[in-house]
Amino acid sequence: MIVLKATQDKLLSVLQSVSGIVERRHTLPVLANVLIRKTGHALQLTTSDLEIQIRTTAEMEGDPGDFTTTVGARKLIDILRTMPADQTVSLESSASKLILKGGKSKFTLQTMVAEDFPLVQEAANFGPTFSVPQQTLKALMNRVAFSMAIHDIRYYLNGILFVAEGNNLSLVATDGHRLAYANATLDVAIPSKQEVILPRKTVLELQRLLSDKDGAIDMQFAGNQAKFSFDGMEFVTKLVEGKFPDYNRVIPRNHTNELVLGRQTLLSSLQRTAIMTSDKFKGVRLNIEPGSLRIAASNAEQEEATDEIEIEYAGDAIEIGFNVTYLMDVLTNMNQDMVRLSLSDGNSSALITLPDSEDFKYVVMPMRI
């Protein structure tokens with residue numbers, strides 16, 4: 001039976017859209033596979049890691065009839081990548097194997113039965129569906145995702161807080177040393193307040209899949225699950241349980257000293273100075289005085305770097321230290337020309353915002369230099 005026939009680029013694109021969560025090695029071998037379910041000419045592909053499940057459907061040529069199996073997702077992708085984009089490829093079933101043909105190439109792949117594939121048990125009581133533009137959600141994620149913790153024992157920090165209320169959608173991420181907040185105003189009101197923590201892996205996968213073009217993403221939340229539907233895909237994920245820190249208390253207010261300067265100018269200066277930091281100690285020292293911002297770094301080999309930027313500033317003289325990576329991360333993930341840096345003194349957290357907007361805030365703790 002010819003399960004499917006399509007051009008290499010079409011099949012590869014569909015496979016890649018669901019395979020980002022697939023691990024090559026897993027305690028459950030079948031989870032390294034993609035579940036293929038054929039109904040007529042409609043082909044449904046599903047992947048899972050027990051916490052996230054991604055499903056998409058595509059129309060492809062092939063023999064009529066129903067068929068299900070699972071086959072190694074990464075291996076199939078690796079093979080397809082070696083073939084020309086416009087080449088027609090086919091998948092044929094033969095006993096307990098799948099045969100991939102393209103041009104004069106032929107690959108015989110081992111399969112595992114579809115009944116062994118563990119689908120995520122979807123919640124029975126999802127809340128109301130609401131939609132936001134894909135590009136809006138992707139832009140918000142890009143603004144805060146770098147501040148997520150990676151393997152923190154405070155598991156609720158290993159993700160993003162998602163708050164939808166009224167016409168506002170806010171995303172917040174923190175690793176305990178810095179916090180990023182981004183907000184967007186929506187054209188439609190959310191039916192009821194939604195507040196959940198999306199896991200880190202879910203955030204990274206959505207960043208990969210969401211489009212920068214026009215198009216909506218439909219969302220639904222249950223007690224411990226979220227469901228996203230967009231571009232013919234259905235994305236179900238577990239949520240992180242726990243209480244996210246009160247970000248409103250973390251964001252400082254009424255800083256007495258402020259300066260506005262070019263984002264790229266500051267980033268370039270930090271990048272130059274960071275060369276003299278070490279892997280173990282990423283500290284840089286900022287000396288802010290009327291008219292100038294001086295950035296300095298040194299390392300254990302007694303090497304040092306200083307860089308100076310002319311600024312319009314008439315506030316207090318402040319000397320403060322930061323992890324340079326935390327500053328470069330936020331500046332790299334912004335695309336505005338100018339940024340505002342607000343400070344109280346050398347021992348308090350600093351606030352980076354946009355001069356003409358309240359939609360983005362980044363709090364970074366100082367460090368001893």
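Refer to the structure presented above.
Residues numbered from 1 in each chain as written. Predicted model: local features only at pLDDT ≥ 70, side-chain atom pairs only at ≥ 80, totals over all residues. Heavy atoms only, no water.

Draft legend 1. Broad picture of the nonpolar core. Leu137, Phe162, Leu198 and Phe228 are the most contacted members of the largest nonpolar core, which has 100 residues in total. Here this core takes 6 residues from helix α7 (residues 324–332), the largest share from any one element. Counting 12 residues, the second largest nonpolar core, distinct from the first, contains Leu161, Val163, Ile197 and Val363. (Core = buried A, V, L, I, M, F, W, Y, C linked by side-chain atoms within 4.5 Å. Buried < 20%, exposed > 50% of the residue type's maximum accessible area, 1.4 Å probe, protein only. Helix = DSSP H or I, 4+ residues; strand = E, 2+ residues; numbered from the N terminus.)

Draft legend 2. Inspection of unusual backbone geometry at higher detail. Positive phi, close to 55 degrees, is recorded for Ala95, a residue that is not glycine. On the basis of relative accessible area, Ala95 is assigned to the exposed category, the value being 87%. Phi is positive for Gln302, close to 60 degrees, though the residue is something other than glycine. Along the chain, the position of Gln302 falls in the loop between β19 (292–298) and β20 (304–310).

Draft legend 3. Seen up close, the sheet that holds strand β24 (residues 357–364). Taken in spatial order, the 8 strands line up as β13-β10-β11-β12-β24-β23-β22-β17 in an open sheet, and their pairing is antiparallel. A strand with exactly one partner marks an edge of an open sheet, and here the two such strands are β13 (194–199) and β17 (257–262). The average undirected angle you get between the axes of adjacent strands in this sheet is 20 degrees. The sheet contact formed by β17 and strand β22 (residues 338–343) spans 6 bridges and is antiparallel. Counted as the bridge partner of Val260 is Arg340 from β22. Strands β10 (159–165), β11 (168–174), β12 (178–185), β13, β23 (350–354) and β24 of the sheet are contacted by helix α3 (residues 134–144), whose axis makes an angle of about 165 degrees with β12. Across the face of the sheet, α7 comes into contact with β12, β22, β23 and β24 while running at roughly 160 degrees to β24. (Pairing = 2+ DSSP bridges. Axes fitted to C-alpha atoms, helices over the stretch in contact; angles between N-to-C directions. Contact = heavy atoms within 4.5 Å.)

Draft legend 4. Geometry of the packing of helix α6 (residues 263–274) against α7. Where α6 meets α7, the axes come as close as 10 Å, and the angle between the chain directions of the two elements is 145 degrees. Crossing hand, α6 versus α7: left-handed. Within the contact between the two elements, α6 uses Arg263, Leu266, Leu267, Leu270, Gln271 and Ala274 and α7 uses Val324, Leu327, Met328, Leu331 and Thr332. Residue composition of the contact of α6 with α7, grouped by class: 8 nonpolar, 2 polar and 1 charged. (Left-handed = near helix turned anticlockwise from the far one by under 90°. Nonpolar A, V, L, I, M, F, W, Y, C, P; charged D, E, K, R; others polar.)

Note that all results are geometric; they support no functional claim without further evidence.
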